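# Working through the structure, step by step
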Amino acid sequence: MTPNSQNPVAAGAQVHELAVEGMTCASCVGRVERALAAVPGVASAAVNLATGRATVRGTGVDRQALVRAVHKAGYDVPAPAPLELDIEGMTCASCVGRVERVLAKVPGVRSASVNLATGRAQVQGEAGLDPAALTAAVARAGYQARVLASVLDEERQAQRRDEELRVLRRDLLLAAALTLPVFVLEMGAHLVPAFHHAIAATLGTRNSWLLQFALTTLVLAIPGRRFYLAGIPALLRAAPDMNSLVAVGTLAAYGFSLVATFLPRLLPAGTVNVYYEAAAVIVTLILLGRMLEARAKGRTSEAIRRLLKLQPRTARVRREGGAVDVPLAQVMAGEVVDVRPGERIAVDGEVVDGNSYVDESMITGEPVPVAKAPGARVVGGTVNQTGALGVRATAVGGATVLAQIIRLVEQAQGAKLPIQARVDRITLWFVPVVMALALLTFAAWWAFGPSPALTFALVNAVAVLIIACPCAMGLATPTSIMVATGRGAELGVLFRKGQALQLLKEARVVAVDKTGTLTEGRPLLTDLHVAAGFTRAQVLARVAAVEDRSEHPIARAIVAAAHGEGLLLPPVQAFESVTGHGVRAQVDGVRVEVGADRFMRALGLEVTAFAAVAARLGGEGKTPLYAAIDGTLAAIIAVSDPIKADTAAAIAHLHALGLKVAMITGDNRRTAEAIARQLGIDEVVAEVLPEGKVEAVNRLKAAHGRLAYVGDGINDAPALAAADVGMAIGTGTDVAIEAADVVLMSGSLQGVPNAIGLSQAAMRNIGQNLFWAFAYNTALIPVAAGVLYPLWGVLLSPVFAAGAMALSSVFVLGNALRLRRFAP
């Protein structure tokens, strides 16, 4: 502890926690403490070598200054996980761009990505990034933000969306009830001459206008006030959004009508008319669009909610005095949980007692229940079927497989695809350009339009403002991503990175590992041919006794076969592993040697007696071994890793998608080529080490284009990282899964064509959405401005503009929701 660190801590001091990497001894601790204590405002600095954390107390301390001090001392403060913010108040693509820009300007932020469909922002920052600074920046931009603490906040999010939908429905009904009389009075009088005369004779035109004024004022002031509370401040900040367009358009129609009603002498002759119905109907139609949009957005995140529902609320835990039901959050790792028949398993764990079958389809996609006995692993959220189980919790809360799946789906749903960057650049300037076009439309009609020019100018300018909503642009990509990644999770395909959704569609070649990917990863003894003078049982027992000392998968297969035939393994002495050749030992007083043909030749034994058998076995993709007993060739043994039942169909599906399939394996070439012939694989790269797999991946990418690599082992991690899209078999190692972009939870290769097919469907869907969003605006803004009037006398009423604008967003959302029906 340095002298400075002993200073008394002022009242109201801040406490900063930093992770510090690179410390190895007490000298490092002292160095880091001195560096931190020298930062202005620091009262105390304590560093713990065991935990690798520093605790700093002080007043007015700049967290970034602490990070810089640690770096200057020669150590590192690792970048934290991305912060996720829940953003309220965003309505269109312009809002997204605005929030991203203000977040990017916060000191310490490396990148910020905002998703309109989820209403969330993902912020990647330097170590020490202050969440309060992020929420304050968002507030200054006119929105509300809060930091999401965990994936279980999704429940709170769902409640908020339900409340938002309830309020929208209430406001829509009120607006519709108030608007209907206004619409009937004004439009009925225009469309039906008899109705116009009836109003004039009974209510009177003046009273009709006053009634419309009263009802429209209520529409704008109560259900419609949301547009003005958000749109006017945004306009004053010189950052207009969709609310600003609606606010300016409706206030223009309402303001003109006010003047016509109460100060008609201020208007030129022939222009005295009211447009209350336009303002009221615009608000009502846009509220209708918002409500339909909110309902559709809720359906896009149904996959997350369904996953959350798989987790029980309580667990029955064995504690002193017996089993008690406790909230799931209170279950601790190491405790034993009782699971009764028909219940969902609450935690990830290991069975300690009981036997049952468990339905794991929600994780693997496989419908057949899996037998569970003491020692078996179980996953939280799966369903216990027949017997009672006692499960020792190994992972609880956010560490469970289900919580990690939810987190992966949320991260993928919040991702931005490369195509979105082009959309963002356009929408950045869209609203200001629309407002400029509306002003230009007003000026052109006022200057050159027919009489009454002011009326034409107002109506067409309002139509331009209302029809050009960028909502559809902002929703086109993220809604499709949300639905596609959610559907993928239901199919057992987890997109760890959202970008993989776009890149998979562009894949031209799929490279696969062999063991554990094409095959079961569990070798089996398939053939045992003995020489004259030996018996099968005698040879298998002795060979298995020797192999029982080895951990090699082939050895495990031989031992399992001996146990399966009920053979007792004799005692073994003088076991020795001969590197690159095989193993040897003394069994029952005789020497037993097991290994490849080169081992036999090194012992002076010829294997030609088994030449025909060896050729056949190699052609079948099996690995032949030889056994010698007391210096005599005794048998040829074949071990094979069975090909998964659905592998051939999966490769056929990949070919049907127009993809080339390559195998990259460390296994011997003869075995690899035999399997490739059976499965119809196009290219084989065999006998390569992990770095050789990376070289093969790079060569295939250069020759064919984008490449997806599928693997399951630690040795596949470098190739998974080098591929354009890495796809890990979910039954594989954690290292492989962490290096991958996509995880296939079922362990089946069929997940690969499913994932690629889903990617292709999602990108088609996004293309359709973007075409609609941009084509709609490109085509209808000129129509709203009145370009068709000189030719055919056609003008677009602001009322129809509002309806078209609302429908554009609903169309995009409805189109995205079609992905929920994607079938493998």
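Residues numbered from 1 in each chain as written. Predicted model: local features only at pLDDT ≥ 70, side-chain atom pairs only at ≥ 80, totals over all residues. Heavy atoms only, no water.

Looking at an unreviewed UniProt entry, one finds the chain named P-type Cu(+) transporter, with Stenotrophomonas acidaminiphila as its source organism. Listed in UniProt under the heading Sequence similarities (unreviewed entry), the comment for the chain reads: "Belongs to the cation transport ATPase (P-type) (TC 3.A.3) family. Type IB subfamily." Here is the UniProt Subcellular location (unreviewed entry) comment for the chain, exactly as written: "Cell membrane". (UniProt positions renumbered as here; feature names shortened; annotations may be inferred.)

## Some words on the overall build of the chain
Looking only at helices and strands, one finds 30 helices and 29 strands in the chain. On C-alpha atoms alone, the chain measures out to a radius of gyration of 35 Å, which is more than a quarter above the 28 Å that the 2.2 N^0.38 rule sets for 824 residues. Each principal axis of the C-alpha atoms in the chain carries an extent, and together these give about 120 × 75 × 60 Å. Across the 824 residues that make up the chain, the buried fraction comes to 54%. A separation of at least 24 residues holds for 68% of the contacts in the chain among residues at least 6 apart in sequence. Per element, the accessible surface of the chain, about 35000 Å² overall, is 59% carbon and sulfur. (Helix = DSSP H or I, 4+ residues; strand = E, 2+ residues; numbered from the N terminus. Rg over C-alpha atoms; globule rule 2.2 N^0.38 Å. Buried < 20%, exposed > 50% of the residue type's maximum accessible area, 1.4 Å probe, protein only. Contact = heavy atoms within 4.5 Å. Areas by Shrake-Rupley, 256 points an atom, 1.4 Å probe, with all protein chains shown as cover.)

## Focus: unusual backbone geometry
Here the residue pair S451 and P452 is connected by a cis peptide bond, since its omega of -5° sits within 30 degrees of zero. When you line up the elements, P452 lands in the loop between α15 (430-448) and α16 (453-467). With phi around 60°, A238 is a residue other than glycine that occupies positive phi space. Summarising the element assignment, A238 is placed in the loop between α8 (225-236) and α9 (242-262). Phi at A574 is positive, roughly 55°, even though this residue is not glycine. By the element assignment, A574 lies in strand β20 (residues 572-578).

## Here's the deal with the UniProt feature "transmembrane region" (unreviewed entry) in the chain
Those residues carrying the UniProt feature "transmembrane region" (unreviewed entry) are residues 172-195, 207-224, 245-267, 273-292, 426-448, 454-477, 770-792 and 798-817 in this numbering. As a span, residues 798-817 carries 100% helix and 0% strand, and end to end its C-alpha atoms are 29 Å apart.

## Digging into the pattern of salt bridges
If you walk through the whole model with that rule in mind, you get 26 salt bridges. Between R377 and E350 there is a salt bridge whose closest N-O contact spans 3.7 Å. Taken as a pair, R377 in strand β14 (residues 377-378) and E350 in strand β11 (residues 348-353) lie far apart in primary sequence, 27 residues in all. Each of E576, R584, R591 and E593 takes part in one network of salt bridges that share partners. (Salt bridge = Lys/Arg side-chain N within 4 Å of Asp/Glu carboxyl O.)

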